[in-house]
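# Analysis of the macromolecular model
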Amino acid sequence: MKHIYFLSAVTTWLCSANLLANADVNVAKSRQLTPVKIVFVEALAPRDTTSSERFRNDYTTAIEVAKNALEGRLSKCGYTFDLSTQFYDASDSVQAKELATKASKEGAWLLIGPRRSNHYLLFAQGSEKVPTVSLMASANDVSALGDIHLTLSPLNSEMARVAATEAKKKAGKAAGYVSIVSQDCVSCVDFEKNFDQSAKAIGLRPLGRIAVAGENLDPKTFVSQTLLLKPKFVLLPNYSKVSSSVMAELTKAGLRAFYVGSDGWGDSKFGFVQNGIDLVGAHGFTVRGYPSFEQGISRLPIKDLIQQNQNLPKSGPALGIIGALSSTTELICRNRPKNLSQFASVFATKGRSSFSARWGVSTFNMNDGNISFSHATKAKAKL
Amino acid sequence: MKPVSIRRILVRAWIFPAILATIAVIAATVGMAWIEYRNSRAHLESDLIEKSQIIARRLLGEVLLKDKGSPELVAQSLTVDLDLAEVFLGNKPENCGESTSDVVVCQHSSNGYAQVSRRLPMLTNPTYATISAKPPTVLELLQWRILVLSAAVIGLLLGLGLYFQNRALRWMVVLPIEDLSESAAAQAQSVPVHWPKELQQLSARLDEAFLKRDEALMGQIAGGVIHDIKTFLQPIWSASLLAAEHPIGERRTKRLEMLQTATQSGLPKILRTLETALDSSRQIKVELNERDLAETIRDSLAALQPMADARRVEIRSSLRTTVISHDSVQLSRAISNLAKNAIEAASEAQSPLVELKISNNPQSGLEIIVSDNGQGLGDLRDGLFRSFRSTKKHGTGLGLVVSKKIIEAHRATLSATESESLGGAEFRITFRGVNS
């Protein structure tokens, strides 16, 4: 009898061990996470190497912080992040398309693309099937790219409306203005067109329009003409280098007017307007899709996780990165796509609600080259 | 011929090498520019090939944006930013050939510019970005800075060289020669060891020459003076012999009277001759008093009038009252000597004439001019005031030397030229800085 009990005990032990071992394997099998390959692609201006290096560091740090904050949530859903970053020369916009094509071929589920509208338009051309999101592209043409190409920024139509309203508050009824616009910037031309429409609707008067191109402007092409027109304000919806050089020349020439910009001016951390030495005496405001960092982070669901991180860079793109990854995490966890095709399908149908201009349009004042947050306006136009 | 300073001689000596150096620098700079010009086209085309890649991609970005892009504007701004003559988009120009490669260097563009055409990638329809740039000219390649710098260096070297050479010459040549000339009157002195070898040898030769000259001087003085004294002593000796021959009586009295006359006539002349010889070898001291110069000259002329009359020489004078500080005795000697020489020279002319006048020259000062219509100075002009140069058969040649010494003691100068008015000789005593 004793040997029967012994044999039973051994058998029981063996069966239990086998069950336990299988259970471990099953658990291991059920915990295999699906990698979500996301590629970040962004342009760096090589001429301004110090600022570019700071931007690069902030950008990659923001990605790292967001990933660390969201990894836990994502893994509970059965996924894991597979993130990579590609930077390219901002003067060669074709690289945006080439990198998008390459990332698409390498199995990326989502491409988070360049901030500049003309770069993003090319970027989307290179990614026909993979969803893309831009952190800041605001040209109205972005909305016509299709359901799998979205932007976190309000469109120029909305931003221009807010800018026109603000300009009227400062300049008064029927104030006249001059536009100086970079013709080789898609978003700049688009913003100006929208601003003119909004401005006319509220009684502001366009006095003249001066077209410029390139970054090295000859003051003779715009200074005397602008002074002659005597505007109350000057619309400069251009990138920061062009905008700051125009403001510097006009201020030096003694123009008594304020300046209105779009989101190309940069912010208090990056760009040629902030701390521009030649901008003492220049005043105005700019509009963009991101508020101050503190305000922006407060509206994110993962704010508690994020705010504790000492390394978190406090800039608009950082907000965008965190917002984009947060929205991606939610989209995936709610819909559980198994592959790129399913993800793309979910993105096309439900992406707009996740990737939208959650922060509205923010107005930033500019005084003597210093940019500071003023207030935010809810976006009216639907994405 | 006007004397030329050492400095000017040096400048002239250095100018030629400086001009050669400047020509060499200009030739070298132009040569370098020419070589660079020959190579510039190839460099330019290579540069354009590099730029065309950037431009093609930049324009491609605009083309891909279709109606949202601004390729023409971007092409214009790139033209300025990259310092090109032209950038345009379109078909490959005909002068770029039939080559199918992506980038082509175009030959023989219409304006002579370097031109490169590159096909835009990614596009199915062949579209080319063609860029051109103006090749530099030789003048543009000329290194003006090198040229100016070289000219500055040459100028600096020239200046420094002239300066230091001038100083070296002055220290090593001019000052020693001045020392030499000062020591010429003294006995031979030991030569400083720092003098150049040539100057030391010159000093030795000069000592030898001065020694010989001293000997010759003594010889000539002796010869001239002794001869004159003999001439004046001869009648006295003859008269004394005659006087001693006859016994006391009327004839002897007459002979004694002849001796007295000969003595009275001859002794002063002997004394004067001795005095002149003495004056030629020593410094003449003058006692200056404010007196009328015209009176001094008249006194001199009065003593010479018998001589002039004997030779039928007319003396014309234009003298106005001119009070200056002078030694009337000594100056009278000098003027007498000049006037006597003039009378002797003029006596050979058909209508002998001697002129004396006092004139006021605004540039040089008060002048006494003695001129004659004799033969003129001729060969005697050089070295006229040197000792022992005389036209007279029995002259000591010391008269003009002593006259010059007397005049120089009055801080005046004595010069001799040909007389333009009378055709003979003209002697001019100039009191510089003195006006009547």
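Residues numbered from 1 in each chain as written. Chains lettered and ligands numbered in written order. Predicted model: local features only at pLDDT ≥ 70, side-chain atom pairs only at ≥ 80, totals over all residues. Heavy atoms only, no water.

### Quick look at the overall build of chain A
On a plain count of helices and strands, chain A comes out with 12 helices and 12 strands. A total of 383 residues make up chain A; the buried ones form 52% of that total. Within chain A, residue pairs in contact and separated by at least 24 positions form 71% of the contacts whose partners lie at least 6 positions apart. With an accessible surface of roughly 17,100 Å², chain A has 52% of that area assigned to carbon and sulfur atoms. (Helix = DSSP H or I, 4+ residues; strand = E, 2+ residues; numbered from the N terminus. Buried < 20%, exposed > 50% of the residue type's maximum accessible area, 1.4 Å probe, protein only. Contact = heavy atoms within 4.5 Å. Areas by Shrake-Rupley, 256 points an atom, 1.4 Å probe, with all protein chains shown as cover.)

### Things to note about the state of the cysteines
Where two cysteines share a covalent bond between their sulfur atoms, that bond is called a disulfide. On inspection of all chains with the given rule, the structure shows three disulfides over all chains. Residue pairing for Cys185 of chain A: its cysteine sulfur links by disulfide to Cys188 of chain A, the two sulfurs lying 2.0 Å apart. Torsion about the S-S bond of the Cys185 of chain A and Cys188 of chain A cystine: about 75°, corresponding to right-handed handedness. The pair Cys185 of chain A / Cys188 of chain A is uniform in exposure class, with both members buried. Covalently, Cys96 of chain B is tied to Cys106 of chain B through a disulfide, its sulfur atoms 1.8 Å apart. A torsion of 90° about the S-S bond marks the disulfide between Cys96 of chain B and Cys106 of chain B as right-handed. With Cys96 of chain B in the loop between strand E1 (86-90) and strand E2 (103-106) and Cys106 of chain B in strand E2, the pair connects residues that are 10 residues apart, well separated along the chain. An identical accessibility class is assigned to Cys96 of chain B and Cys106 of chain B; each is buried. In chain A, the cysteines engaged in disulfides, taken in order along the sequence, are linked 1-4, 2-3. (Disulfide = S-S within 2.5 Å.)

### Brief notes about the nonpolar core
Ile38, Phe40, Tyr59, Leu135, Ile321, Leu325 and Phe347 of chain A are the most contacted members of the largest nonpolar core, which has 47 residues in total. Counting residues per element, the ones that place at least two in this core are strand E1 (34-44), helix H2 (49-76), strand E2 (79-89), strand E3 (110-113), helix H9 (293-298), helix H11 (316-335) and helix H12 (340-354) of chain A. One finds Tyr88, Leu121 and Leu122 of chain A together with Leu65 of chain B within the second-largest nonpolar core, a separate group that totals 41 residues. (Core = buried A, V, L, I, M, F, W, Y, C linked by side-chain atoms within 4.5 Å.)

### Here we look at the sheet that holds strand E5 (residues 149-151) of chain A
All names here are of chain A. Pairing in this open sheet of five strands is parallel, and the strands run E2-E1-E3-E4-E5 from one edge to the other. One side of each edge strand has no neighbouring strand; the edge strands of this open sheet are E2 and E5. If you compare each strand with its neighbour and ignore which way they point, the axes differ by 20° on average. Judged from the three bridges that link them, E1 and E3 form a sheet pairing that is parallel. Its bridge partner lying in E3, Phe40 is registered against Ile112. Here helix H3 (residues 94-105) sits on the sheet in contact with E1, E2 and E3, set at roughly 155° to E2. (Pairing = 2+ DSSP bridges. Axes fitted to C-alpha atoms, helices over the stretch in contact; angles between N-to-C directions.)

### Some words on the environment of Ile154 of chain B
Residues and elements named next belong to chain B. With respect to the secondary-structure elements, Ile154 resides in helix H4 (residues 144-183). The buried category is assigned to Ile154, whose relative accessible area is 15%. When the C-alpha positions of Ile154 and Ile19 are compared, they lie 9.4 Å apart, and in sequence the two are 135 residues distant.

### Focus on the sheet that holds strand E4 (residues 128-133) of chain B
Residue and element names in this part refer to chain B. Pairing in this open sheet of four strands is antiparallel, and the strands run E1-E4-E3-E2 from one edge to the other. Edge positions in the sheet fall to E1 and E2, since each of these pairs with one other strand and no more. Neighbour-to-neighbour, the strand axes of the sheet open up by a mean angle of 20°, direction not taken into account. Direction of pairing for strand E3 (residues 114-119) relative to E4: antiparallel, over a ladder of six bridges. By the bridge assignment for E4, Gln115 is matched with Ser132. Here helix H1 (residues 6-64) sits on the sheet and contacts E1, E2, E3 and E4; the angle it forms with E3, its principal contact strand, is near 35°.

### What to know about the interface of chain A and chain B
Taken together, the contact between chain A and chain B spans 18 residues of the former and 14 residues of the latter. In total, about 1,400 Å² of surface goes out of reach between chain A and chain B, with carbon and sulfur atoms giving 56% of it. Together, Val94, Gln183 and Asp184 of chain A form the three largest contributors to the area buried by chain A at its contact with chain B, with a combined 27%. On the surface where chain A and chain B come into contact, there are four salt bridges. The salt bridge involving Arg58 of chain B is made with Asp184 of chain A; its shortest N-O contact spans 3.9 Å. For the side of chain A that touches chain B, the elements supplying multiple residues, two or more each, are H3 and helix H4 (117-125) of chain A. Residues that form the side of chain A that touches chain B fall into these classes: five nonpolar, eight polar and five charged. (Buried area = accessible area lost by both parts, 1.4 Å probe. Salt bridge = Lys/Arg side-chain N within 4 Å of Asp/Glu carboxyl O. Nonpolar A, V, L, I, M, F, W, Y, C, P; charged D, E, K, R; others polar.)

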